[in-house]
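Survey of secondary and tertiary structure
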Amino acid sequence: MRKNRNYYIRKTHRYLGIIIGIQFLFWTISGLYFSWTDIDEIHGDHFLEENPHQTTLGLAGMDQIDSTLNVSTLVLKFINDDPYFWVNDSTLIEAKTGSVKHKISKEEAIAIADDHVADPYKVRDIQYITEVDDHHEYRGRPLPAWAIGYEGSQKLTAYVSAKDGSFQRVRHRDWRWFDFLWMTHTMDYESRDDFNNWLLRIFSVFGLLTVLSGFTLFFVTNKKRIKKKA
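Everything quoted here is computed from the prediction, not taken from an experiment. (Residues numbered from 1 in each chain as written. Predicted model: local features only at pLDDT ≥ 70, side-chain atom pairs only at ≥ 80, totals over all residues. Heavy atoms only, no water.)

Things to note about a negative patch on the surface
Residues Glu131, Asp133, Asp134, Glu190, Asp193 and Asp194 make up a contiguous surface patch of negative charge. Note on placement: Glu131 falls in the loop between strand 5 (123-129) and strand 6 (145-150). (Patch = residues over 30% accessible without salt bridge, like charges linked within 9 Å, V, L, I, M, F, W, Y side chains within 5 Å. Areas by Shrake-Rupley, 256 points an atom, 1.4 Å probe, with all protein chains shown as cover. Salt bridge = Lys/Arg side-chain N within 4 Å of Asp/Glu carboxyl O. Lys, Arg positive; Asp, Glu negative; His and termini not counted. Charge placed at Lys NZ, Arg CZ, Asp CG, Glu CD. Helix = DSSP H or I, 4+ residues; strand = E, 2+ residues; numbered from the N terminus.)

Below is the structure:
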């Protein structure tokens, strides 16, 4: 009876170890990576200028803006030193003339990115993106957008909104490693941020069972050895 019990405990522990072992490895590697990296560097803060270029104002009066436009929110922003009103999170209006600007040009996007990205990074290429999937590094941000790639081993990419000219974020090699390991850590292979997904819950239970079966196997076999010595 004892032999059968030990056999089944050992077999259960072995198969649980196979099932959970690879994920345990990912959890350990990703945990080590997270604990040894600076989150500010992962965000790419060291690639950015501390004080982007500033300019002076010369604004048109509000009466020069379309009088039929119902304004609920209004933000002042600058594109290549020119002031603009970002109205209702949807319309970009030139603050000097009151005319509507429909799209940020490629040249303007590069200038905006260069104003935020520290020297000596030089532009490698630029892409206009209108849609991204759940795995894209620009997921969850406003579209369309310009993706400005820079030369260098870090494969730095800056993103600028094509609607309002706002500098969105930078992505680089270390961030992409972080993102991949974060995905394996949370086991959310879509959005990366769902800690309540069923796959993570199931593997967490398997992990607990693996540890408990290991403790059980240790105490059962150790008790058996003590009895033999006695």
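Observations concerning the sheet that holds strand 7 (residues 157-161)
In a beta sheet, neighbouring strands are held together by backbone hydrogen bonds and run either parallel or antiparallel to one another. Across the sheet, 4 strands lie side by side as 5-6-7-8; this open sheet has antiparallel pairing. Of all the strands in the sheet, just strand 5 and strand 8 (167-171) have a single pairing partner and so form its edges. The average undirected angle you get between the axes of adjacent strands in this sheet is 20°. Pairing between strand 5 and strand 6: 6 bridges, direction antiparallel. Note that in strand 6 the partner of Tyr128 across the bridge is Trp146. (Pairing = 2+ DSSP bridges. Axes fitted to C-alpha atoms, helices over the stretch in contact; angles between N-to-C directions.)

Quick notes on the side chain of Gln168
Among the structural elements, Gln168 can be located in strand 8. Side chain to side chain, Gln168 and Ser166 meet in a polar contact 2.7 Å long. The residues touching Gln168, leaving out its near neighbours within four places in the chain, are Tyr138, Arg141, Pro142, Tyr159 and Ser161. (Polar contact = N/O pair within 3.5 Å; in protein donor to acceptor, adjacent residues only side chain to side chain. Contact = heavy atoms within 4.5 Å.)

So, helix 3 (residues 106-116)
Given 3.6 residues per helical turn, the α-helix brings residues three or four places apart onto the same face. Residues of helix 3 that are buried include every one of Glu108, Ala109, Ile112 and Ala113, and no others. Buried residues in helix 3, looked at end-on, bunch into an arc of 135°, giving them a common side. (Buried < 20%, exposed > 50% of the residue type's maximum accessible area, 1.4 Å probe, protein only. Arc of directions from axis to C-beta.)

Focus: the sheet that holds strand 1 (residues 74-79)
In spatial order, the strands read 1-2-3-4; together these 4 strands make up an open sheet with antiparallel pairing. Taken across any chain shown, the strands that pair with only one partner, and hence form the sheet edges, are strand 1 and strand 4 (100-101). Bridge count between strand 3 (residues 91-94) and strand 4: 2 bridges; the pairing is antiparallel. Bridge pairing in strand 4 links Leu92 to Lys101.

Notes on helix 4 (residues 173-186)
Helix length check: helix 4 (14 residues) gives 20 Å between terminal C-alpha atoms against 20 Å at 1.5 Å per residue, within 8%. Every buried residue belonging to helix 4 is among Trp175, Phe178, Asp179, Leu181, Met183, Thr184 and Thr186, and all of these are buried. Positioned one or two residues after helix 4, Met187 has a phi angle of 60°, which is positive. (Expected span 1.5 Å × (residues − 1).)

Considering the pattern of salt bridges
Enumeration over the complete set of coordinates arrives at 6 salt bridges. A salt bridge links Lys101 to Glu108; the nearest nitrogen and oxygen atoms lie 3.1 Å apart. A relative accessible area of 14% means that Glu108 is categorised as buried. In this structure, Arg139 engages Asp179 in a salt bridge whose closest nitrogen and oxygen atoms are separated by 2.7 Å. In this pair, Arg139 is assigned in the loop between strand 5 and strand 6 and Asp179 in helix 4, connecting sequence segments 40 residues apart.

These figures capture arrangement, not role.
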